[in-house]
Amino acid sequence: RHMTPGKNYLSSEEIRPLAERSDAMGAWLVLHCWGVIAGALALFGFWPNVLTFTLAVMVIGSRQLGLAILMHEAAHNALFKTRKWNDSVGEWLCGRPILAELAAYRHYHLTHHRFTQTDKDPDLVLSAKFPTSKASLRRKFTRDLTGQTGAKQLL
């Protein structure tokens, strides 16, 4: 029988409360994410300069990733207790602001979970190139850090 990595260190009784769904925690995570975005915008709005612009872009970018992570949790119906809240908040406050659609992501992602590392895994193309050599990894990082990867995806 396959054991999840967490169960190597914690019992099911210890894991259960950590995995409990909470409307209050889900709401706090979404509000916190948007609050940090608002704070970054306010910082630049009150003190507009290159430093606060750069800081705001970095902070907002990190919170866009945060919204994607929260949408992932909503796709698993794990951000809130009810499917209705996961669907509504996951779609309108997490997904759409980062130009993602929860239903499409949920279908894609749950297909990935169902067929992980098989020919039917839609993410296989992402992991097929790994492990890789140090030289190849260095080239990948250079393309990502210089914006080449992003430009290629946009064009």
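Whatever comes next refers back to the structure up there.
Conventions adopted
- Residues numbered from 1 in each chain as written.
- Predicted model: local features only at pLDDT ≥ 70, side-chain atom pairs only at ≥ 80, totals over all residues.
- Heavy atoms only, no water.
- Helix = DSSP H or I, 4+ residues; strand = E, 2+ residues; numbered from the N terminus.
- Buried < 20%, exposed > 50% of the residue type's maximum accessible area, 1.4 Å probe, protein only.
- Lys, Arg positive; Asp, Glu negative; His and termini not counted.
- Salt bridge = Lys/Arg side-chain N within 4 Å of Asp/Glu carboxyl O.
- Contact = heavy atoms within 4.5 Å.
- Axes fitted to C-alpha atoms, helices over the stretch in contact; angles between N-to-C directions.
- Parallel < 35°, antiparallel > 145°, perpendicular 65-115°, else oblique.
- Left-handed = near helix turned anticlockwise from the far one by under 90°.
- Nonpolar A, V, L, I, M, F, W, Y, C, P; charged D, E, K, R; others polar.
- 1 Å grid on protein atoms, 1.4 Å probe; cavity = no way out; pocket = protein on both sides within 12 Å on 5 of 7 lines; lining within 4 Å.
- Points joined across faces, edges and corners; volume = space filled by probe spheres on them.

**Student:** Any details on the side chain of lysine 140? Residues and values, ideally.
**Tutor:** Within the fold, lysine 140 resides in helix α7 (residues 134-145). Lacking a salt bridge, the buried lysine 140 has aspartate 144 as its closest oppositely charged neighbour, with an N-O distance of 8.6 Å. Beyond its immediate stretch of four places on either side in the chain, lysine 140 contacts Lys129, Phe130 and Thr132.

**Student:** Would you mind going over the packing of helix α2 (residues 23-46) against helix α3 (residues 50-75) in detail, with residue names and values included?
**Tutor:** It is at 9 Å that the axes of α2 and α3 come closest, and there the two elements cross at 165°. If you check the angle between α2 and α3, you find them roughly antiparallel. Our pair here, α2 against α3, has a crossing hand that is left-handed. On α3, the residues touching Leu29, Val30, Cys33, Trp34, Val36, Ile37, Ala40, Leu41, Leu43 and Phe44 of α2 are Thr52, Phe53, Leu55, Ala56, Val59, Ile60, Arg63, Gly66, Leu67 and Leu70. Grouping the constituent residues of the contact of α2 with α3 by class yields 17 nonpolar, two polar and one charged.

**Student:** An account of the layout of surface pockets is requested, with residue identities and associated values reported.
**Tutor:** For the largest pocket, the calculated volume is near 420 Å³. Along the walls of the largest pocket sit Val125, Leu126, Lys129, Phe130, Lys140, Arg143, Asp144, Gln148, Thr149, Lys152 and Gln153, which together make up its complete lining. Considering every element that reaches the lining of the largest pocket, the biggest residue donor is helix α8 (residues 148-154), with four residues. Split into classes, the residues belonging to the lining of the largest pocket amount to three nonpolar, three polar and five charged.

Everything listed here is a matter of coordinates, which is why it stays silent on function.
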